[in-house]
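# Structural features, examined
Take a look at the letters that make up each chain.
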Amino acid sequence: MPTPEPSCLVYSEAVGPRLAYIIDVLWSQHAAVTSDVEKFLAFEGDKIQYTPERIWPNILHLQPIGLLNDSEIISCKINIVEWNSLPVFFSGSGDIPFDWLAASFYLISRYEEYLPYQPDQYGRFPATASLAHQFDFLQLPLVQVWTAKVRENYQLYSLPAMPAEPEIQVTFDMDELFQYLHLPMVRRMIRFVGNLLKLRFDAVATQQQVAEGKAIDPYDRWQDSWYLLEALPKKPRFFFSGANRIQGNDRQLCIEHPAARAIFQRCEEKGLIGWHPSWAASQEPSLLQEELSRLMAIAKYPLLHSRYHYLRFQLPVSYQQLLQLGIRHEHSMGYGNINGFRASYADSYPWFDLSKNEVTDLVVHPFFYMDTVSVFQQQELPEAALNFIQNTTASCRGLVRELQLVFHPHALAGKGRRDVLTKILNQSALIQHPHL
């Protein structure tokens with residue numbers, strides 16, 4: 001497919017991969033960068049001079065801080081100031097008073113995750129170490145908010161206009177398919193004794209009823225929302241593990257078990273399938289190929305999408321491993337203990353590998369809400385979770401194309417939790433299909 005003619009041209013004395021990349025992302029590949037003065041001056045669309053000092057008086061000036069011309073990863077001094085009631089950093093003296101391109105690159109590339117940090121208990125980059133958490137903009141797709149303001153304030157209409165309503169992409173991590181049914185005897189006994197010791201007599205009764213076939217397993221009720229999922233314009237995506245045993249933090253029934261395979265096949269009919277690399281595989285990369293092969297043997301086609309179990313990944317090595325295995329779409333960009341926009345960006349974008357200073361073929365699909373965060377980490381009531389999703393969706397109108405949410409069968413089993421999914425699906429379906 002030929003590259004579209006640019007609607008904006010950026011002039012820079014040096015043109016490196018970082019600058020070209022962030023221009024492609026922000027303009028959706030409808031802009032270009034050049035160091036050719038004649039070509040720049042002759043261009044008839046939007047123009048930006050990205051230069052240390054203003055050269056042309058009547059052309060929009062943006063002053064670089066140098067980050068986009070570097071090839072090294074070095075610690076950056078961050079000083080947050082306010083512009084248009086928004087937090088910004090990398091201040092400059094251009095018409096746009098901060099290096100909007102470099103600041104956007106810093107957030108989207110996850111530059112701070114390549115710098116030294118203290119991992120959390122699961123070996124992950126902690127949300128508390130992020131700039132977005134420290135300066136209270138984690139709940140904003142800040143890069144896209146900046147871009148909208150730049151478009152409006154400087155009449156840069158070459159920047160893409162966003163739809164009035166973002167599409168909702170619903171995804172499921174199929175971690176625990178059953179609470180009691182089909183589990184190994186030892187695991188069932190552990191749950192039975194645990195419920196007894198904690199005086200959870202209702203749970204004991206439920207386990208007995210499930211065993212006798214008199215009740216549906218509590219974790220197997222998520223399928224009640226099929227009719228609503230089918231009304232969405234974007235098919236749901238289901239991430240399954242290829243691990244072959246239940247151990248530690250990996251609790252999914254082996255995909256080769258008939259009950260797991262039956263659920264897999266129904267999800268395959270109704271939606272799209274992705275791979276869920278296990279906790280064990282995130283510790284032992286040699287298991288990655290084995291798990292992916294096992295899952296693809298069931299699917300019988302290449303799997304291109306993935307999301308790490310527990311979001312246990314580290315940049316750049318985890319993404320590099322996925323690329324080597326043929327994965328081309330990654331859905332782990334979010335936090336496991338607080339909801340929001342980890343990359344300060346809501347839409348999908350190509351991953352830039354800072355360690356190699358190059359753009360890759362891996363597309364990152366961020367999410368802003370995960371139900372296990374709300375239920376187990378933040379211990380929110382269902383009403384609070386629903387308000388968060390609704391408020392975030394409302395604040396993103398006209399700013400983003402898509403918002404991705406993550407649900408789990410076992411988290412939806414809690415009282416009132418399925419209502420959150422049902423109401424969100426109802427609202428999304430009505431927006432897309434007002435006649436329903």
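Preceding this paragraph is the structure being described.
A short tour of the structure in this document, coming up. Model, not experiment: these values are computed from the prediction. (Residues numbered from 1 in each chain as written. Predicted model: local features only at pLDDT ≥ 70, side-chain atom pairs only at ≥ 80, totals over all residues. Heavy atoms only, no water.)

### Focus on the sheet that holds strand S1 (residues 8-11)
To keep it simple, the criterion reads: Between any two strands, pairing holds if DSSP finds at least two bridges. Secondary structure is summarised from DSSP: a helix means a run of H or I of at least four residues, a strand means a run of E of at least two, and numbering begins at the N terminus for each. Orientation is described by axes fitted as lines to C-alpha atoms, over the contacting stretch for helices, and by angles from 0 to 180 degrees between their N-to-C directions.
Pairing in this open sheet of four strands is parallel, and the strands run S2-S1-S3-S4 from one edge to the other. Edge positions in the open sheet fall to strand S2 (31-34) and strand S4 (60-62), since each of these has one partner strand only. Adjacent strand axes in the sheet meet at a mean angle of 25°, parallel and antiparallel pairs treated alike. The sheet contact formed by strand S3 (residues 46-50) and S4 spans three bridges and is parallel. Paired with Gln49 across the strands is His61, a residue of S4.

### Considering the nonpolar core
Rule in force here: Buried Ala, Val, Leu, Ile, Met, Phe, Trp, Tyr and Cys residues form a nonpolar core when they are joined through side-chain atoms within 4.5 Å. Relative accessibility decides the category of a residue: with a 1.4 Å probe and only protein chains considered, values under 20% of the type maximum give buried, values over 50% give exposed, and everything between is partly exposed. In this description, contact between two residues means that some pair of their heavy atoms is separated by no more than 4.5 Å.
Within the largest apolar cluster, 115 residues are counted, with the highest numbers of intra-cluster contacts made by Trp27, Trp100, Leu101, Tyr106, Trp146 and Phe240. Among the elements that line this core, the one with the most residues is helix H3 (residues 100-108), at eight residues. Once you skip the residues sitting within four places of it in the chain, Trp100 turns out to touch Leu26, Trp27, Ile48, Leu62, Trp146, Thr147, Val150 and Leu159. In terms of nonpolar packing, the next biggest core, distinct from the first, is built from six residues, Tyr11, Phe40, Phe43 and Ile59 among them.

### Digging into the environment of Gln63
Put simply, the test is: Definition of a polar contact: a pair of N or O atoms within 3.5 Å, with one able to donate and the other able to accept a hydrogen when the atoms are protein atoms, and with sequence-neighbouring residues admitted only if both atoms are side-chain atoms.
By the secondary structure assignment, Gln63 is in the loop between S4 and strand S5 (81-83). Judged by relative accessible area, Gln63 falls into the buried class, the value being 18%. For Gln63 and Pro97, which are 34 residues apart along the polypeptide, the C-alpha to C-alpha distance reads 8.0 Å. Residues contacting Gln63, with those up to four places away along its chain left out, are Tyr50, Thr51, Pro52, Gly92, Ser93, Gly94 and Asp99. A polar atom in the side chain of Gln63 sits 2.9 Å from the backbone nitrogen of Ser93.

### Some words on the packing of helix H1 (residues 17-26) against H3
Put simply, the rule is: Geometric relationships in this document are graded by angle, where less than 35 degrees denotes roughly parallel, more than 145 denotes roughly antiparallel, 65 to 115 denotes roughly perpendicular, and other angles denote oblique. Residues are grouped as follows: nonpolar covers Ala, Val, Leu, Ile, Met, Phe, Trp, Tyr, Cys and Pro; charged covers Asp, Glu, Lys and Arg; every other residue, Gly included, is treated as polar.
Running from amino to carboxyl end, H1 crosses H3 at an angle of 85°, the nearest separation of the two axes being 10 Å. Viewed along their axes, H1 and H3 adopt a mutual orientation that is roughly perpendicular. Counting all contacts with H1, which are made through Arg18, Leu19, Tyr21, Ile22, Ile23, Val25 and Leu26, the residues of H3 involved are Trp100, Leu101, Ser104, Phe105 and Ile108. A class-by-class count of the residues in the contact of H1 with H3 yields ten nonpolar, one polar and one charged.

### A word on the side chain of Ser12
Within the fold, Ser12 resides in the loop between S1 and H1. Within polar-contact distance, the side chain of Ser12 engages the backbone oxygen of Ala14 at 2.6 Å. If sequence neighbours within four positions are ignored, Ser12 has contacts with Leu19, Val33, Thr34, Ser35 and Tyr50.

### Quick notes on the packing of H3 against helix H5 (residues 142-153)
In plain terms, the rule: Working rule for handedness: look at the near helix, and if it is turned counterclockwise from the far one by less than a right angle, call the crossing left-handed; if clockwise, right-handed.
Put simply, H3 and H5 touch, their axes get as near as 10 Å, and they point 160° apart. With respect to each other, H3 and H5 are oriented roughly antiparallel. In the packing of H3 onto H5, the handedness of the crossing is left-handed. Residues Trp100, Ala103, Ser104, Leu107 and Ile108 of H3 form the contact with H5, whose own contacting residues are Val143, Trp146, Thr147 and Val150.

### Things to note about the layout of surface pockets
As a reminder, the rule being used: Cavity: a set of points on a 1 Å grid over the protein atoms alone where a 1.4 Å probe fits but cannot get out. Pocket: an open set with protein on both sides within 12 Å along at least five of seven lines, its lining residues, like those of a cavity, having an atom within 4 Å of a point. Grid points are joined across faces, edges and corners, and a volume is the space filled by probe spheres set on the points.
Within this model, the largest pocket holds a volume of roughly 650 Å³. Around the largest pocket sit 26 residues that line it, and Tyr310, Thr372, Phe376, His410 and Ala411 are the ones nearest its centre. When residues in the lining of the largest pocket are grouped by element, the largest group, four residues, is from helix H13 (residues 371-377). Partitioned by chemical class, the residues of the lining of the largest pocket number nine nonpolar, ten polar and seven charged. For the lining of the second largest pocket, the secondary-structure elements that each account for two or more residues are helix H6 (185-197) and helix H7 (201-211). Looking at the lining of the second largest pocket element by element, the count peaks at five residues for H6. In the lining of the second largest pocket, the residues fall into five nonpolar, four polar and seven charged.

### With respect to the packing of aromatic side chains
This is how the line gets drawn: Aromatic pairing here means that ring centres of Phe, Tyr or Trp (its six-membered ring) are within 6.5 Å. Orientation follows from the plane angle: under 30 degrees is stacked, over 60 is edge-to-face, and everything else is tilted. Two conditions define a charge sitting above a ring: the NZ of Lys or the CZ of Arg must be within 6 Å of the ring centre, and it must be within 35 degrees of the ring normal.
Scanning all chains against the criterion turns up 33 aromatic pairs. On the basis of an interplanar angle of 90° and a centroid distance of 5.7 Å, the ring pair of Tyr345 and Tyr349 is categorised as edge-to-face. With a relative accessible area of 6%, Tyr345 lands in the buried category. A connected cluster of aromatic rings, assembled from ring pairs, spans Phe172, Trp222, Trp226, Phe238, Phe341, Phe368, Tyr369, Phe388 and Phe407. The ring centre of Phe40 lies 5.7 Å from the NZ or CZ of Lys47, which sits over that ring. Geometry around Trp279 places Arg312 over its ring, the cationic atom sitting 4.4 Å from the centre.

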